[in-house]
Number of protein chains: 2
Amino acid sequence: MPLAALPTPCAVVDIDRLDHNLARMATHLQALGVALRPHVKTHKCVPIARRQRALGAQGLTVSTLKEAEQFFDAGFEDILYAVCISPDKLPRARALQQRGCRLTVLVDSVEAAVAVAAGGAPLPTLVEIDVDGHRSGVAPDAPELLAIGRALHEGGAGLRGVLTHAGSSYELHTPVALQALAEQERARCVQAADRLRAAGLPCPVVSVGSTPTALSARQLDGVTEVRAGVYALFDLVMAGVGVCTPDDVALSVLATVIGHQRDKGWAVVDAGWMALSRDRGNASQAHDRGYGLVCDIDGRRLPGLQVIGANQEHGLIAAVAEADGGDLPGAVDAAPAGPAVGAGSAPGGAASGSTDRVAADIVYRLPLGTRVRILPNHACATAAQHAAYHLVQGTRVQDTWPRFGGW
Amino acid sequence: MPLAALPTPCAVVDIDRLDHNLARMATHLQALGVALRPHVKTHKCVPIARRQRALGAQGLTVSTLKEAEQFFDAGFEDILYAVCISPDKLPRARALQQRGCRLTVLVDSVEAAVAVAAGGAPLPTLVEIDVDGHRSGVAPDAPELLAIGRALHEGGAGLRGVLTHAGSSYELHTPVALQALAEQERARCVQAADRLRAAGLPCPVVSVGSTPTALSARQLDGVTEVRAGVYALFDLVMAGVGVCTPDDVALSVLATVIGHQRDKGWAVVDAGWMALSRDRGNASQAHDRGYGLVCDIDGRRLPGLQVIGANQEHGLIAAVAEADGGDLPGAVDAAPAGPAVGAGSAPGGAASGSTDRVAADIVYRLPLGTRVRILPNHACATAAQHAAYHLVQGTRVQDTWPRFGGW
């Protein structure tokens, strides 16, 4: 089926880009001698996880118990639930364990450790370590770390090791800073593991990861596995961080032009924030891409065109002056000759400085009914707005893979 | 079932607030002598639409053809698809019409009008009018308006009238400004209708609406119907606009405390942006509520507590100094005595200025396992992250109503 035959809006995944991204991470981590445990929260799609397994992935990482259940039902037995578990979720986790799932859970407090240890059979458990002040976890040098370890081990839970996620890597954008954070993530997590071992506690697992640090790490001594998720699809935030280019982004939203505001230089498409998500992760990066960069149906970027605003089912596309035109091959040559229209990214943000030249340009470039593909800010958020991925090679739809949502 | 027994995160709707909100709009528009055609894009839930119909609603408004199909299948026959239709969607629209749906579509260009008129049986069509430069539509005094009307009427499409949506009302926050925009919306849409009629074209329908202008209108002479959607559930953006209070918000996300960062004064909950949505509509309003205001399981607001940051499955709750404490009953008396912790709303935004007093406070107020309810920024976006609403009265779950997504 040709891509143009799909109803819009819908989520499209470029198979070749997907496979390239999967191979890149697998190869990188193999060279560093650590296992890859992909985080499936980005794609929530069994066929993609199977591709990751075929490339050597060892187990999966999930962000919800529903993901654990869905992937276990699909034949994945080694699953790490990498969000601290609250006591009320333990019966559901144990039910999975009793069905044969090798489920590992996570805690970052003595209270939660006691709750995990209070159950029946040992439930394999990691302790979350905070290496960058980003979110959850205990500091590697916190007295509480040993108390948690003891509560798990002596209480009968299966203390398995330590885990961290250097989520602050998303805020970086230079290789030097990324390499430094990757080393910080490694070193602090290993430090926590060493403390547990020095206290006589078992710690076979040292699990680290985020896509930016995983791809930036030069050595991972002491680490046993790396978790990464968004690398499978990539997105404009990752391009802003610098670990991919826009042309590596495998996920796009296919949309149709439904109208124009000629005097403002806008083309209106049927992909609003419901299809793109409200994620504006690029807004805090050096180059703000609005709600996404615009490509033609073949996946070639249309230089200068961005989704500058979004309502629920409306996206507003306009030409925007891109300070980093050089980062976007072709942008300099093909940029519209008129002054750029408003770069306002807020919904309904007013555009200004339009000219007849620009207005004519947008109508000429994107006539009514034109199909475009929009590269998203954040693959995890955009993918979550869709129930399936349409897999394309070129502009041929080769397959449709379901994904799931919910908890 | 008690609310505390539900797995988290999940979407909760307070029945009494819902019914109050539905009755308020119905009563207001009945007093103004115009029909209400509720927009179901907010809730996408058949039982809520039935409640709206029971209160006198005449037909429904939808934002996608899937909504039209779903509500038609549920027994709603008079449906307005209020997003400009692209030519490729016409076969799907006509299929609905042929099944007996009284479907009305929308255009804002001659090109689209010609495409609608080119089909078989007349397809009832409205022309979108732009009354506030917000998004789509033709200006009420544009020459193109008559050309579109003629293309529809003479081409054999069923020209039925004009439609507008004063979406810029979301950017206002005073009754005076809202009343002025409501009158502008009315007057300009009626002006467009008068021009069509003066040109000998039929225009029985004059459809206006947005929740803020609908509730602010003092008179709607010449208008035949009002569309509004978010009023059913309301949200913090609408509270910021001033057309409801936080205590009118019927939608909340039930979440569980899964950990703490004591030194930062954070409680971590299992509702991140996947459950809350990435919508930060409050960020541009006078009072930024982060990713939402926090209530206890009974729905009573916990003064000063906001979701200050969100990752995919993590929400960060902290006490925030609220400049408008007076708008939040109880906030002044019950605010934490220590300095407020960081009001940063960006994911991973660092908090500062924490004290032992504040840290102790958050752990004391929200111990591990505590259930909280989070009032969302934007009901349309938050509801879209969930497959069902749990209907509660007090803290008893009375029913579960499915909702749908997708296109």
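In this report, we go over the structure that sits alongside the text. This is a predicted model, so every value here is computed, not measured.

## Description of the overall build of chain A
Right, so step 1: Counting its secondary structure elements, chain A contains 13 helices and 17 strands.
Right, so step 2: At 23 Å, chain A has a C-alpha radius of gyration in line with the 22 Å of a compact globule built from 407 residues.
Right, so step 3: Here the C-alpha coordinates of chain A stretch approximately 75 × 40 × 35 Å along the principal axes.
Right, so step 4: In chain A, which comprises 407 residues, the share counted as buried stands at 63%.
Right, so step 5: Within chain A, contacts between residues separated by at least 24 positions form 66% of all contacts whose residues are at least 6 apart in sequence.
Right, so step 6: Working note: accessible area of chain A is about 13500 Å², and carbon and sulfur atoms make up 53% of it.
Right, so step 7: Computed over 36 positive and 40 negative side-chain charges, the inter-centroid distance for chain A is 4 Å.

## Overview of the packing of aromatic side chains
Right, so step 1: Applying the stated criterion across every chain, the model contains four aromatic pairs over all chains.
Right, so step 2: Ring geometry for F71 of chain B versus F76 of chain B: centroids 5.9 Å apart, planes at 75°, classification edge-to-face.
Right, so step 3: Look at F76 of chain B and you get buried, because its relative accessible area is 4%.
Right, so step 4: We note R53 of chain A situated over the ring of F76 of chain A; from NZ or CZ to the ring centre the distance is 4.1 Å.
Right, so step 5: Directly above the ring of Y291 of chain B sits R280 of chain B, whose terminal nitrogen or CZ lies 5.4 Å from the centroid.

## Quick notes on the sheet that holds strand β7 (residues 158-164) of chain A
Residue and element names in this part refer to chain A.
Right, so step 1: The strand order across the open sheet formed by eight strands is β2-β9-β8-β7-β6-β5-β4-β3, and the pairing between neighbours is parallel. Every interior strand has two partners, whereas the edge strands, β2 (35-36) and β3 (60-62), have only one.
Right, so step 2: Sheet topology places β7 next to strand β8 (residues 205-208); three bridges connect them, and they run parallel. When the sheet's bridge partners are listed, L163 is paired in β8 with S207.

## Things to note about the interface of chain B and chain A
Right, so step 1: Taken together, the contacts link 56 residues of chain B with 56 residues of chain A.
Right, so step 2: Of all residues in chain B, R135, L368 and W407 of chain B give up the largest surface area on contact with chain A, accounting jointly for 17% of the area buried on that side.
Right, so step 3: Of the charged contacts, one joins K89 of chain B and D270 of chain A as a salt bridge, the two residues approaching to 2.5 Å between their closest N and O atoms.
Right, so step 4: Our count for the chain B to chain A interface comes out at 18 residue pairs in polar contact (both at pLDDT 80 or more).

## Some points on the relation of the copies chain B and chain A
Right, so step 1: When chain B is fitted onto chain A, the two copies agree to an RMSD of 0.0 Å after a turn of 180° and an axial shift of 0.0 Å. As the rotation angle and translation indicate, the two copies are arranged about a two-fold axis. Minimal C-alpha separation from the rotation axis in chain B is found for R278 of chain B, amounting to 2.5 Å.
Right, so step 2: The residues that chain B uses at the interface reappear at the interface of chain A in 100% of cases, marking a shared surface.

## What about the pattern of salt bridges?
Right, so step 1: On inspection of all chains with the given rule, the structure shows 32 salt bridges over all chains.
Right, so step 2: With its nearest N and O atoms 2.6 Å apart, the salt bridge here joins R278 of chain A to D279 of chain B. Of the two residues, R278 of chain A is situated in the loop between α10 (273-276) and β12 (293-296) and D279 of chain B in the loop between α10 (273-276) and β12 (293-296); the pairing between them involves two chains.
Right, so step 3: For R278 of chain A, a relative accessible area of 13% translates into the label buried.
Right, so step 4: With relative accessibility at 3%, the residue D279 of chain B sits in the buried group.
Right, so step 5: A salt bridge links D296 of chain A to R300 of chain A, with the shortest nitrogen-to-oxygen separation between them at 3.2 Å.
Right, so step 6: By relative accessible area, which is 16% here, D296 of chain A ends up buried.
Right, so step 7: Residue class for R300 of chain A comes out exposed when judged on its relative accessible area of 52%.
Right, so step 8: Through salt bridges with shared partners, a single network forms among R37, D78 and E225 of chain A.

## Quick word on the layout of surface pockets
Right, so step 1: The space that makes up the second largest pocket amounts to roughly 930 Å³.
Right, so step 2: As for the second largest pocket, its lining consists of 38 residues, of which G405 of chain A together with A384, Q385, H386 and A387 of chain B are closest to the centre.
Right, so step 3: Within the residue set of the lining of the second largest pocket, elements represented by two or more residues are β1 (10-14) and β16 (388-393) of chain A together with β1 (10-14) and β16 (388-393) of chain B.

## Considerations on the pairing of strand β4 (residues 78-81) of chain A
Residue and element names in this part refer to chain A.
Right, so step 1: Neither face of β4 is exposed, since D78 and L80 on one face and I79 and Y81 on the opposite face are all buried.
Right, so step 2: Where β3 meets β4, three bridges bridge the pair, whose relative direction is parallel. Paired with T61 across the strands is L80, a residue of β4.
Right, so step 3: Where the polypeptide runs from β3 across helix α3 (residues 65-73) and back to β4, its parallel neighbour, the crossover connection is right-handed.
Right, so step 4: The pairing of β4 with strand β5 (residues 102-107) spans three bridges and is classified as parallel. Across the sheet, the residue bridging to L80 is T104, located in β5.

## Some thoughts on the nonpolar core
Within soluble globular proteins, side chains that are nonpolar tend to cluster in buried spots.
Right, so step 1: Ranked by internal contacts, the top residues of the largest apolar core, which has 134 residues, are L103 and Y389 of chain A together with I317 of chain B.
Right, so step 2: Once you skip the residues sitting within four places of it in the chain, L103 of chain A turns out to touch L65, A68, I79, Y81, A93, L96, L123 and P124 of chain A.
Right, so step 3: Membership of the second largest hydrophobic core comes to 133 residues, among which are V307 of chain A together with M25, L65 and C244 of chain B.

## Quick word on the packing of helix α1 (residues 15-32) of chain B against helix α2 (residues 46-54) of chain B
All names here are of chain B.
Right, so step 1: At their nearest, the axes of α1 and α2 sit 10 Å apart, and the two run at 40° to each other. Between α1 and α2, the crossing angle belongs to the class labelled oblique. Crossing handedness for the pair α1 and α2: right-handed. Together, I15, L18, D19 and L22 of α1 and I48, R51 and Q52 of α2 make up the contact between the two elements.
Right, so step 2: Per-class residue counts for the contact of α1 with α2 are four nonpolar, one polar and two charged.

Scoring rules and cut-offs
Residues numbered from 1 in each chain as written. Chains lettered and ligands numbered in written order. Predicted model: local features only at pLDDT ≥ 70, side-chain atom pairs only at ≥ 80, totals over all residues. Heavy atoms only, no water. Helix = DSSP H or I, 4+ residues; strand = E, 2+ residues; numbered from the N terminus. Rg over C-alpha atoms; globule rule 2.2 N^0.38 Å. Buried < 20%, exposed > 50% of the residue type's maximum accessible area, 1.4 Å probe, protein only. Contact = heavy atoms within 4.5 Å. Areas by Shrake-Rupley, 256 points an atom, 1.4 Å probe, with all protein chains shown as cover. Lys, Arg positive; Asp, Glu negative; His and termini not counted. Charge placed at Lys NZ, Arg CZ, Asp CG, Glu CD. Phe/Tyr/Trp six-rings, centres within 6.5 Å; stacked < 30°, edge-to-face > 60°. Lys NZ or Arg CZ within 6 Å of the ring centre and 35° of its normal. Pairing = 2+ DSSP bridges. Buried area = accessible area lost by both parts, 1.4 Å probe. Salt bridge = Lys/Arg side-chain N within 4 Å of Asp/Glu carboxyl O. Polar contact = N/O pair within 3.5 Å; in protein donor to acceptor, adjacent residues only side chain to side chain. Least-squares fit on C-alpha atoms with pLDDT ≥ 70 in both. 1 Å grid on protein atoms, 1.4 Å probe; cavity = no way out; pocket = protein on both sides within 12 Å on 5 of 7 lines; lining within 4 Å. Points joined across faces, edges and corners; volume = space filled by probe spheres on them. Right-handed = clockwise from strand over helix to strand, strands pointing away. Core = buried A, V, L, I, M, F, W, Y, C linked by side-chain atoms within 4.5 Å. Axes fitted to C-alpha atoms, helices over the stretch in contact; angles between N-to-C directions. Parallel < 35°, antiparallel > 145°, perpendicular 65-115°, else oblique. Left-handed = near helix turned anticlockwise from the far one by under 90°. Nonpolar A, V, L, I, M, F, W, Y, C, P; charged D, E, K, R; others polar.

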